[in-house]
Amino acid sequence: MTKKYSILFTTLILSLILLLAINNPPTPTALITRQITPEITIKHTPNNTVNAFILTIDDLSLNIAAQVRLTGKIVEYLENKSIPTTFFAIPAYLRPYNFSKDIEIAQHGYDHINPKDNSHREFINLTDKEIEDRLTEGKHILEKQGYIVYGHRAPCFSLKEKHIPLLKTLYVYDSSFHVPPNQTDYLIPYIWLDLTGNICNLTTSNKTLKDSKQQQLFTVIDNWTASGKPIVILSHFFDYEKILAHNQSKECLNSFFDEINKRNYWKTTMKDYAIWKSHLNTINYTINETQTGLIITFNTCLSALTFETHSKKQIKTNCPIRMKHKNSQKTTCILK
Ligand SMILES: [Zn+2]
């Protein structure tokens with residue numbers, strides 16, 4: 001073979017290799033990287049709601065006739081407004097009372113009085129043993145009267161981080177910290193603005209102040225929703241006496257709850273929220289993607305669980321679906 005033929009032959013071979021390379025189908029590796037990973041997002045509240053809304057009322061007492069009457073007034077008012085409520089009751093001043101199922105009775109210390117300095121900050125400067133005795137005795141008093149105690153809030157929020165392990169032995173949740181020292185569902189924080197002591201306490205304020213105060217509360221509520229924390233509202237039992245008897249203050253309370261009722265919130269109690277979160281934390285799932293659909297297999301079927309996916313494929317799950325809503329961006333499903 002001459003040099004001329006040799007060059008021609010090499011060029012032919014190289015062209016052939018190039019041609020083959022261009023027409024070659026993509027390798028399997030390239031296919032895998034182009035595949036979209038199917039994903040779902042599970043919402044932190046049930047029934048496709050935006051957030052949980054929980055009204056809490058501290059200091060419930062039923063010791064004397066006037067307190068029983070006030071309890072009746074508050075319960076009737078909140079029933080009319082369709083607002084479930086968690087009362088943090090002072091065990092030493094509680095009596096049996098026929099509450100509806102939308103009302104939770106949780107524990108608020110033992111007697112709200114500090115035995116060392118007589119202040120309302122019940123647990124300040126007490127030994128761990130003294131605190132434990134008061135909590136245990138308080139819980140026992142409530143249980144003897146037929147109340148089932150799930151949760152606790154310290155009077156004047158007078159507990160410290162070091163008491164959390166003790167609280168965990170006694171309660172399903174605690175709400176003594178407005179900024180919880182650690183990120184856990186066990187500690188349910190509350191919004192520090194007091195609905196009855198401040199926001200709607202208008203017995204000495206004018207109307208302009210009323211509107212700005214309520215605006216301030218809703219700004220905080222919206223920020224909390226953005227951060228994924230439940231909306232836990234703080235209020236006080238004895239404040240309702242003057243609020244419900246004062247026109248402008250009552251009107252403030254009315255408009256607050258009317259606005260809440262317009263929003264897509266899950267209105268609930270602390271106990272039901274804590275139980276829901278503990279169920280939610282046990283949920284896991286696998287997703288298989290076929291030519292036509294996504295098959296989602298949950299480890300358990302949690303009623304009202306809501307999830308979203310951006311996949312355009314048909315959704316199938318091992319749990320029955322109560323509602324499926326599809327728009328151009330996403331599909332939302334609620335389990336039965
Ligand atoms: Zn209190």
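Here the structure is shown first, and the text comes after it.
Residues numbered from 1 in each chain as written. Predicted model: local features only at pLDDT ≥ 70, side-chain atom pairs only at ≥ 80, totals over all residues. Heavy atoms only, no water.

## Concerning the sheet that holds strand 10 (residues 285-289)
Okay, step 1: The sheet built from three strands is open, its strands ordered 10-11-13 with mixed pairing. Only two strands of the sheet have a single partner each, and these edge strands are strand 10 and strand 13 (314-317). Between one strand axis and the next, the sheet turns by 20° as a mean value, whatever way the strands run.
Okay, step 2: Of the pairings in the sheet, the one linking strand 11 (residues 293-298) to strand 13 comprises four bridges and is parallel in character. (Pairing = 2+ DSSP bridges. Helix = DSSP H or I, 4+ residues; strand = E, 2+ residues; numbered from the N terminus. Axes fitted to C-alpha atoms, helices over the stretch in contact; angles between N-to-C directions.)

## Let's talk about the pairing of strand 10
Okay, step 1: Relative to strand 11, strand 10 runs antiparallel, the two being bridged by five bridges. Each residue of the ladder has a partner; that of Thr286, found in strand 11, is Thr297.
Okay, step 2: Two successive antiparallel strands, strand 10 and strand 11, enclose a turn made up of three residues.

## Looking at a positive patch on the surface
Okay, step 1: Judged by side-chain charge, Lys312, Lys316, Lys324 and Lys326 come together as a positively charged surface patch.
Okay, step 2: Looking at the element boundaries, Lys326 is found in strand 14 (residues 321-326). (Patch = residues over 30% accessible without salt bridge, like charges linked within 9 Å, V, L, I, M, F, W, Y side chains within 5 Å. Areas by Shrake-Rupley, 256 points an atom, 1.4 Å probe, with all protein chains shown as cover. Salt bridge = Lys/Arg side-chain N within 4 Å of Asp/Glu carboxyl O. Lys, Arg positive; Asp, Glu negative; His and termini not counted. Charge placed at Lys NZ, Arg CZ, Asp CG, Glu CD.)

## Focus: the state of the cysteines
Okay, step 1: This model, assessed by the stated rule, comprises two disulfides.
Okay, step 2: The partner cysteine of Cys200 in its disulfide is Cys252, sulfur to sulfur 2.0 Å. Negative torsions about the S-S bond denote left-handed disulfides, and the value of about -70° found for Cys200 with Cys252 makes this one left-handed. Within this pair, whereas Cys200 is found in the loop between helix 6 (195-199) and helix 7 (207-227), its partner Cys252 is found in helix 9 (residues 247-262), the two being separated by 52 residues in sequence. The same class applies to Cys200 as to Cys252, namely buried.
Okay, step 3: The side chain of Cys301 participates in a disulfide bridge whose partner is Cys319; the two sulfur atoms lie 2.1 Å from each other. Of note, the bridge from Cys301 to Cys319 carries an S-S torsion of about -85° and is left-handed in sense. With Cys301 in the loop between strand 11 and strand 12 (306-309) and Cys319 in the loop between strand 13 and strand 14, this residue pair connects regions lying 18 residues apart in the sequence.
Okay, step 4: With a relative accessible area of 46%, Cys301 lands in the partly exposed category. (Disulfide = S-S within 2.5 Å. Buried < 20%, exposed > 50% of the residue type's maximum accessible area, 1.4 Å probe, protein only.)

## Here we look at the coordination of the zinc ion
Okay, step 1: Here the zinc ion is held by Asp59 (OD), His108 (NE2) and His112 (NE2), and the distances to it run 2.0 to 2.2 Å.
Okay, step 2: If you list the donors of the zinc ion from N- to C-terminus, the spacing comes out as D-x48-H-x3-H. With Asp59 in strand 2 (residues 51-60) and His108 in the loop between strand 4 (103-107) and helix 4 (128-144), this residue pair connects regions lying 49 residues apart in the sequence.
Okay, step 3: Look at Asp59 and you get buried, because its relative accessible area is 12%.
Okay, step 4: We classify His108 as buried; its relative accessible area is 1%. (Donors = N, O, S within 2.8 Å, 3.2 Å for Na, K, Ca; no water.)

## Observations concerning the pattern of salt bridges
Okay, step 1: Enumeration over the complete set of coordinates arrives at 19 salt bridges.
Okay, step 2: Here Asp258 and Lys81 are joined by a salt bridge, their closest N and O atoms 3.0 Å apart. Here Asp258 is found in helix 9, whereas its partner Lys81 is found in the loop between helix 3 (65-80) and strand 3 (85-89), with 177 residues between them in sequence.
Okay, step 3: Here Lys129 ties to Asp133 by a salt bridge, and the two come within 2.8 Å at their closest N and O atoms. Of the two residues, Lys129 and Asp133 are both situated in helix 4; the distance of four residues between them amounts to about one turn of the helix.

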